[in-house]
Amino acid sequence: MQVSRFFSVCLTVCTLAGVAQSPDFNPRFAVEWGSNAVGLKVVEQYDRERLFRSRLDEAGNPVTGERARPLQTLIWYPAEKGSQSSMTAGDYLALAATEMSFGNPQTTPSGKYWAGTLGTRVTEAMHSVRDAKPLARKYPVIIYSPSFSSIAWENADLCEYLASFGYVVIAAPGMGVNTRESTHDLEDAEAQAADVSFLIGFAHSLPDTDMTRIAVMGFSWGGLADVLAAAHDDRIDALVSLDGSERYFPGIVKASGYADPEKMKIPLIYFEEADQSVESEDQITSRFHSGGPSVLNAWEHGDLFTARMLGMFHPAFYSFSYRHSRLWQNEVPNNLQIADYDYNDCLLQFSWVMRYTRAFFDGYLKNDSAALAMLKTSPTVNGVPKHSMSMRFRAATNVIAKPDPSSR
């Protein structure tokens, strides 16, 4: 893969996207999709090593039914091309109704919220086809960790995009230890980290996974969970963090007692929002008692890329936010907007996040030297518009070889 060819089509599309005027909240990401069709399989399964529901309910009555931890598992994968209709945004929304009640649709807070948010955009076509026939090959595995208490499909576009280039991407909802909603503490972060390891184990059962090449990717709270997972699960080879909470809650990393960034030996690319001030970080630290040493500063024994997206705010790092009209029409102008960057600017920048994420995985999971070279090249040389992104790279020092992946 040559760097110039990798970006030639993308640059043309991005230039056209940049002149768009008023958004219709039906996002068209400025990326060139891979040659593979994309399938989506939904597996309703339990982690029977962990209890999720108590023996008695809050009223003291015996609990009936399954008590193990439910994990509605979404799997995006390269698939054979066919004539089936693709998923819609509404099809993803429908998954919220059975998130906790497998086979028994129920009204859920997340389903109600997104139903009101998506409106007529529920008919928007996505890229994946439900239960499409997988290609008869083996692909690297990516486990996606959602944000705080979030749905598994919050970044469905990004997951579909990666699958189109030859990855199997697996995700489950973000949950607390024994409730659907999480809390901002170590215990619930560890619960989501344990989900990551469970899903890696589950990936062994899939016919199209190459278990010698495994990475994790997370947004917000999911990024923090991934750091905790990687600290005790040496099957993980690389980490993508989309404005992950390990930056904002370093005290939780420290409190774990085992997640020591100074001992992490895997490559990390961290995409950060532009305007998180020292004052804002201090407010988070004070509110959640989450003070601790910087995770990124201590990440010295694994390659570290830090991509600063100059016009993006925190919610802009998950793809379904670009269908969230109320966010962009109300919250952004009043509270979140950075300078005069708007919806179209963020949509364009998120498209670059998608492409850089793919290049990172190509480089570290597929040993693509051109992709690694691109990551280390100035963003403007790669075609990124000026004043939208900066990239810093720090090579690993005193690298210690990881165990032979064939032993997994």
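Residues numbered from 1 in each chain as written. Predicted model: local features only at pLDDT ≥ 70, side-chain atom pairs only at ≥ 80, totals over all residues. Heavy atoms only, no water.

Trainee: Help me understand the overall build of the protein chain, please; the structure alone is not making it clear to me.
Mentor: The number of helices and strands found in the protein chain is 12 helices and 10 strands. A buried classification covers 56% of the 408 residues belonging to the protein chain. Taking as baseline every contact in the protein chain between residues at least 6 positions apart, the subset at least 24 positions apart corresponds to 80%. Total accessible area on the protein chain is roughly 17,200 Å²; 51% of this is exposed by carbon and sulfur atoms. (Helix = DSSP H or I, 4+ residues; strand = E, 2+ residues; numbered from the N terminus. Buried < 20%, exposed > 50% of the residue type's maximum accessible area, 1.4 Å probe, protein only. Contact = heavy atoms within 4.5 Å. Areas by Shrake-Rupley, 256 points an atom, 1.4 Å probe, with all protein chains shown as cover.)

Trainee: Looking at this model, I keep getting lost on the confidence of the model for the protein chain. Mind explaining?
Mentor: Segments scoring low in pLDDT should not have their predicted coordinates read at a detailed level. Counting all residues, the mean pLDDT for the protein chain is 91, and 89% of those residues have values of 70 or more. Note that pLDDT drops below 50 for residues 1-20; the model gives that stretch 30 contacts with residues more than four away or on any other chain. (pLDDT = per-residue confidence, 0-100.)

Trainee: Got a minute to help me understand the environment of S245 in this structure?
Mentor: Take S245: it is sitting in the loop between β7 (238-242) and α7 (250-256). Considered as a pair, S245 and L224 are 21 residues apart in the sequence and their alpha carbons are 5.1 Å apart. With residues up to four places along the chain from it excluded, the contact list for S245 reads S220, W221 and L224.

Trainee: Before we go on, may I ask you to explain the sheet that holds strand β2 (residues 68-79) in this structure?
Mentor: Note: strands within a sheet are paired through backbone hydrogen bonds, in either parallel or antiparallel orientation. As summarised here, the arrangement of the 10 strands in space is β3-β1-β2-β5-β4-β6-β7-β8-β9-β10, forming an open sheet in which the pairing is mixed. Edge positions in the sheet fall to β3 (128-130) and β10 (389-394), since each has one partner strand and no second. Taking the axes of each pair of neighbouring strands and ignoring which way they run, one obtains an average angle of 25 degrees across the sheet. In the sheet, strand β8 (residues 268-273) pairs with strand β9 (residues 304-309) via six bridges, with the strands oriented parallel. By the bridge assignment for β9, L268 is matched with L304. Here helix α5 (residues 186-203) sits on the sheet in contact with β1 (37-51), β2, β4 (139-145), β5 (168-171) and β6 (209-219), set at roughly 120 degrees to β1. (Pairing = 2+ DSSP bridges. Axes fitted to C-alpha atoms, helices over the stretch in contact; angles between N-to-C directions.)

Trainee: What is the right way to read the nonpolar core from this model?
Mentor: It is characteristic of soluble globular proteins that their nonpolar side chains tend to be buried jointly. Judged by nonpolar contacts, the single largest core of 77 residues is most densely connected at W76, Y92 and W153. When near neighbours in sequence (up to four residues on either side) are disregarded, Y92 contacts L40, L74, W76, M87, M126, S128, W153, A156, E160 and F320. Counting 47 residues, the second-largest nonpolar core is a separate cluster that includes V43, A193, A229 and A259. (Core = buried A, V, L, I, M, F, W, Y, C linked by side-chain atoms within 4.5 Å.)

Trainee: Is there a simple way to explain the pattern of salt bridges in this structure?
Mentor: Close approach of charged atoms allows side chains of opposite charge to pair. Evaluation of the coordinates by the stated rule reveals 14 salt bridges. The shortest N-O distance in the salt bridge between D210 and R213 comes to 2.7 Å. Between R358 and D362 there is a salt bridge, and its shortest N-O distance comes to 3.2 Å. With R358 and D362 both in helix α11 (residues 343-365) and four residues apart, the pair spans about one turn of that helix. Here R358 and D362 have matching classes, each one buried. Sharing partners across several salt bridges, the network here consists of D47, R50, R69 and D195. (Salt bridge = Lys/Arg side-chain N within 4 Å of Asp/Glu carboxyl O.)

Trainee: Can you walk me through the layout of surface pockets in this structure?
Mentor: Considered as a void within the structure, the largest pocket measures approximately 1,400 Å³ in volume. Taken together, 50 residues form the lining of the largest pocket, with S147, F148, S149, S150 and S220 sitting closest to its centre. Of all elements in the fold, only β2, α3 (109-118), α8 (278-288) and α10 (325-336) reach the threshold of two or more residues within the lining of the largest pocket. For the lining of the largest pocket, the element with the most residues is α8, which contributes five residues. Here the lining of the largest pocket is composed, by residue class, of 22 nonpolar, 17 polar and 11 charged. (1 Å grid on protein atoms, 1.4 Å probe; cavity = no way out; pocket = protein on both sides within 12 Å on 5 of 7 lines; lining within 4 Å. Points joined across faces, edges and corners; volume = space filled by probe spheres on them. Nonpolar A, V, L, I, M, F, W, Y, C, P; charged D, E, K, R; others polar.)

Trainee: What should I look at first to understand the pairing of β2 in this one?
Mentor: As a general feature of sheets, a regular strand has side chains that alternate between the two faces. In terms of burial, β2 is a largely internal element, 12 of the 12 residues being buried. The pairing of β2 with β5 spans three bridges and is classified as antiparallel. Looking across to β5, one finds that L74 is bridged to A171.

Trainee: Could you clarify how one ought to interpret the pairing of β1 in this entry?
Mentor: Sheet topology places β1 next to β2; 12 bridges connect them, and they run antiparallel. Paired with Q45 across the bridge in β2 is L71. Alignment of β1 against β3, held across three bridges, turns out to be parallel. Its bridge partner being in β3, L40 is matched across the sheet by R130.

Trainee: What should I look at first to understand empty space enclosed by the protein in this one?
Mentor: Which parts of space are left empty comes out when a probe the size of a water molecule is rolled across the atoms. Under the defined criterion, the tally for this structure stands at one cavity of 30 Å³ or more. Of the voids in this model, the largest cavity is the one considered here, and its volume is about 50 Å³. Taken together, I143, Y144, S145, P146, A172, P173, Q192, D195, V196 and L199 make up the lining of the largest cavity. Only β4 and α5 provide two or more residues apiece to the lining of the largest cavity. The element that contributes the greatest number of residues to the lining of the largest cavity is α5, accounting for four residues.

Trainee: Explain the packing of aromatic side chains to me, please; I cannot follow it from the model alone.
Mentor: Two aromatic rings are characterised by how far apart their centres lie and by the angle between their planes. Enumeration according to the criterion identifies 29 aromatic pairs in this entry. Relative to Y318, the ring of W114 has its centre 6.4 Å away and its plane inclined at 90 degrees; by these criteria the two rings are edge-to-face. Of this pair, W114 sits in helix α3 while Y318 is found in the loop between β9 and α10, placing the two residues 204 residues apart along the sequence. Centroid distance W328 to Y343: 5.0 Å. Interplanar angle 80 degrees. Geometry classified as edge-to-face. One end of the pair, W328, is in helix α10; the other, Y343, is in helix α11, with 15 residues separating them in the sequence. Considered together, W328 and Y343 belong to a single accessibility category, that of buried residues. Within the aromatic cluster, the residues linked to one another by ring pairs are W76, Y92, Y113, W114, W153, F219, Y318 and F320. Taking NZ or CZ as reference, K366 lies 4.1 Å from the ring centre of Y167, over its face. (Phe/Tyr/Trp six-rings, centres within 6.5 Å; stacked < 30°, edge-to-face > 60°. Lys NZ or Arg CZ within 6 Å of the ring centre and 35° of its normal.)

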